[in-house]
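# Examining the three-dimensional arrangement
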Amino acid sequence: MRKSQFLNPRYFSFVIAIVISVIVWVSHSTILFSNLNYTVLDTLFAFKSTQQEEGSDFSSKISEDILLVGIDDDSLLEFGRWPWARHRHANYLNFLSRINNQDNRESAAFLDIFFFEPSEQSENDLLLAQAIKDNKKVFLETTLDVQVLDGELQTFTQENLSKVIEQFGVIESIQGDTSQMQPFMSGHAPLQPFATASKGIGHASYQPDEDQTFRRHLLITRVSQLQEEVRLDDLPKMKLDLSLNFERFAWTDKYGASHQIKWPLEEGAFAELKTLIERDGVAINEDFDESGLATSSSFMIGLYRDYFMPSINLVLALNYFNKKLSDIEVIIGEHVKISKPSKFNSESGQWEDYRIRTKKATYDSEGNELSPAEFNLVPEILIPIDNRGRMLINFLGPRSIPGGRQTFPLRSYRGYANKPSNPDPDSWRASSIRLENKIVMAGPFSLGMAEDEKKTPFGTMFGVEVHANALNTILMNNFIHTVPDSLSFLLLFLLSVLVAFYTSRLGTHWSTLITLLLVVAYFLFSSLVFDSEALLFDFASPTIAVLLTMLGVIAYRVMTEEKEKRRIQSMFGKYVSKEMVDSMIATGRQPELGGVDKEITVLFSDIRGFTTLSESMSPQELVNHLNEYLTEMTDIIFEFKGTLDKYVGDEVMCFWGAPLPQEDHALLACKCALKQMERLNELNAKWPPEKRIDIGIGLNSGIMTVGNMGSPGRLNYTLMGDNVNLGARLEGTNKQYFTHIIISEYTYGLVKDKVIVRELDNIRVKGKNKPVVIFELIDVL
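Residues numbered from 1 in each chain as written. Predicted model: local features only at pLDDT ≥ 70, side-chain atom pairs only at ≥ 80, totals over all residues. Heavy atoms only, no water.

### Focus: the sheet that holds strand β22 (residues 380-384)
Strand order in this open sheet of 4 strands is β4-β14-β15-β22, and the pairing throughout is mixed. Only two strands of the sheet have a single partner each, and these edge strands are β4 (174-175) and β22. As defined by bridge partners, strand β14 (residues 328-331) adjoins strand β15 (residues 335-339) across 4 bridges and the pair is classed as antiparallel. Residue pairing across strands places isoleucine 328 opposite isoleucine 338, the latter belonging to β15. (Pairing = 2+ DSSP bridges. Helix = DSSP H or I, 4+ residues; strand = E, 2+ residues; numbered from the N terminus.)

Here it is, written out as structure tokens:
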């Protein structure tokens, strides 16, 4: 492809699309794209919730075995200000423990309440510990922190966390790259009496997205515990294989942030590392003089071991499915797989294959079953996680309101924790309550009582309900899957190329309208797929790429077409009419430059007796007189869409059929010649006899070579060829036949049904061996 063709917007637009696609894809992980995708995701959640409220079987998306018990306003009115004495929680757990039919008991009793410090009433702590032990189904939570705590507090929390890890275990088999997972350097665990008595513990830490909204659940966390400290200068001497036990070297800066050291050290890496640590690290004083002043200090490097702790929701789900941590497969960046999950059947007292209800049973007004409930067998639960161990939560709606709209069933804590006046255990039984196999999740549910309100796609939501949404996502196997990067880039690229294709060929208004419709269509498609398949497309990258491609192509067209417009105007503005120039620019039909053969009609006109005329006037008068004549003749040429070739003294040369094709080029030339004679008669009528002009016109049609000819510094758009010469000869032939307009047989053949002529002769002109029939043009029909 020639360079001029390559730079044509129709071709170069694809280059623009490719460049923009690559730039957008390289930048698609930046906060600008992320925030736009977050906004779109929140909108998709809102659309889905609205559609569910308008008639779909919303309950089929919610597990029947999740029950929220909220510490709400009624509970606070009943029991007083928060925090309560811990015997209240003991009463709550004892209430659950004493259900008459133990087969109707809950699967788990999760307390979204922290028990990290002893209370002032030690007897209440003993009551709670005993209630946890008696219940046998209590699950508690830990919290984790990315920073190292100060002194004794760090030691205390690490000891508690270590005991929890020792008692309940961690995920031993981890595959995939764990380097992108956030290391948690400290954490708070329940006091040992509570932890020892509980059935399970998991972390309850969440991390918001960049816009401080909670959309993801940290399913697997990386907890780092200090094994030993070494001096920075001793680090190059150490020969350790840290891959065996998930160990790593790290250092802590003066802001408390931990930085992992890439191990083993590469050549030259230690010098850079030492410079960095000496600038931002914290030195430890080691030796002191007699007065107590430090005489030496060192920078210390920590050898940490990583433990992979499950979230409380994963622990609850595994308990529900009758699985252990050792039963799951974890591949960071891919999935957590729970194979062959089962569910306890309260009626039979047996564990059965796990099935999810997809449709409720229907009944008539008399209670007769019309259609049974439908269930799907779930052979495995495959939880998608990213490279940080996070699962995208499939939120089902706004937060539940006591006494109002409830996404999950919500009960008041007051109804479970209010111990009756009769302390007799046999009389204190919840004989009417049925909690068979339910996961009962209790936590704060009153505004301002705790820092437990989190911003979600549905607005603020209490932490326990965020847990419920995350757990429900797992139990209902209702995961949000993101489109693979390869498919996202392919879609981005194809849409950009499509936009480049039509934007380079359509006008700005149409291109803008179609692009906006394309963006809307892509959003509707994304929404439809999200609702039906829980598949999340990258919306930001393709949309931004499409818009930038459209703007880029339009800008390029403006620049190149304006430049081309100026070039055409400069080249042809003196040859053809303004309308012809505008037509070239508007249609994009550019003239062929450099010489091409085309069928053209050429017209020559010349003043008879020019020498006599010039002798009767001064040079200045002659110039003015000729200018008036030539101006009128040229305007008529342009009026009939002709192309002015040149003036040679008093001679005028023009043609039709180039630079733009003209099917009626011969007829236009004939009309122009007749109009010129008519206009000349009008001019002669107002001129004195000595200034009157008589002209002869010759026309010929045929294949001629047209194009820019001359030197690189001086080009002229003109005609060449035998047929051009014949036209010039016919102009001079008018003298012999006392006529004004002579056309050749070739021109006549093109217009014979549209003109009136008189056949003159069959002549052989100079330079032509073959005779030519000539005609006098009289008029057009």
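### Here we look at the nonpolar core
Ranked by size, the top nonpolar core spans 77 residues in total, and within it Ile220, Ile383 and Met441 carry the most contacts. Membership of the second largest hydrophobic core comes to 45 residues, among which are Phe115, Ile201, Leu218 and Tyr416. (Core = buried A, V, L, I, M, F, W, Y, C linked by side-chain atoms within 4.5 Å. Buried < 20%, exposed > 50% of the residue type's maximum accessible area, 1.4 Å probe, protein only.)

### Notes on the state of the cysteines
Using the criterion set out here, one finds 0 disulfides in the structure. Of the cysteine sulfurs around cysteine 654, a residue in no disulfide, the closest is that of cysteine 672, at 5.4 Å. Relative accessible area serves as the criterion here: at 0%, cysteine 672 is assigned to the buried category. (Disulfide = S-S within 2.5 Å.)

### Thoughts on the confidence of the model for the protein
Here the protein averages 85 in pLDDT, and 87% of its residues register 70 or above. Below pLDDT 50 for its whole length, residues 425-432 participates in 14 contacts with residues either more than four positions away or in separate chains. (pLDDT = per-residue confidence, 0-100. Contact = heavy atoms within 4.5 Å.)

### Overview of the packing of aromatic side chains
Summed over the entire model, instances satisfying the criterion amount to 27 aromatic pairs. Pairing tyrosine 320 with phenylalanine 321 gives two aromatic rings, centres 5.6 Å apart and planes at 75°, and the pair type is edge-to-face. Pairing tyrosine 522 with phenylalanine 539 gives two aromatic rings, centres 5.5 Å apart and planes at 5°, and the pair type is stacked. Here tyrosine 522 is found in helix α14 (residues 508-533), whereas its partner phenylalanine 539 is found in the loop between β29 (535-536) and α15 (540-572), with 17 residues between them in sequence. In textbook terms, an aromatic cluster arises when at least three aromatic residues are bridged by ring pairs, as seen for Phe79, Trp82, Trp84, Tyr92, Phe95, Tyr413 and Tyr416. Of note, lysine 454 hangs over the ring of phenylalanine 214, and the distance from its end group to the ring centre comes to 5.7 Å. (Phe/Tyr/Trp six-rings, centres within 6.5 Å; stacked < 30°, edge-to-face > 60°. Lys NZ or Arg CZ within 6 Å of the ring centre and 35° of its normal.)

### Some details on the pairing of β14
Where β4 lies against β14, 2 bridges are found, and the strand directions are parallel. Counted as the bridge partner of glutamine 175 is isoleucine 331 from β14. The turn linking β14 back onto β15 is made up of 3 residues, and glycine 333 within it adopts a positive phi angle of 90°.

### Details of unusual backbone geometry
Looking along the chain, the bond that leaves tryptophan 82 and enters proline 83 is cis, with omega of 0°. For lysine 340, which is not a glycine, the phi torsion comes out positive at approximately 50°. For lysine 340, the position within the fold is in the loop between β15 and β16 (342-345). Overall, lysine 340 belongs to the exposed group, its relative accessible area being 67%. The backbone of asparagine 437 shows a phi angle near 65°, a positive value even though the residue is not glycine. Mapping asparagine 437 onto the fold places it in the loop between α11 (414-417) and β25 (439-444). According to the relative accessible area criterion, asparagine 437 is buried, its value standing at 7%.

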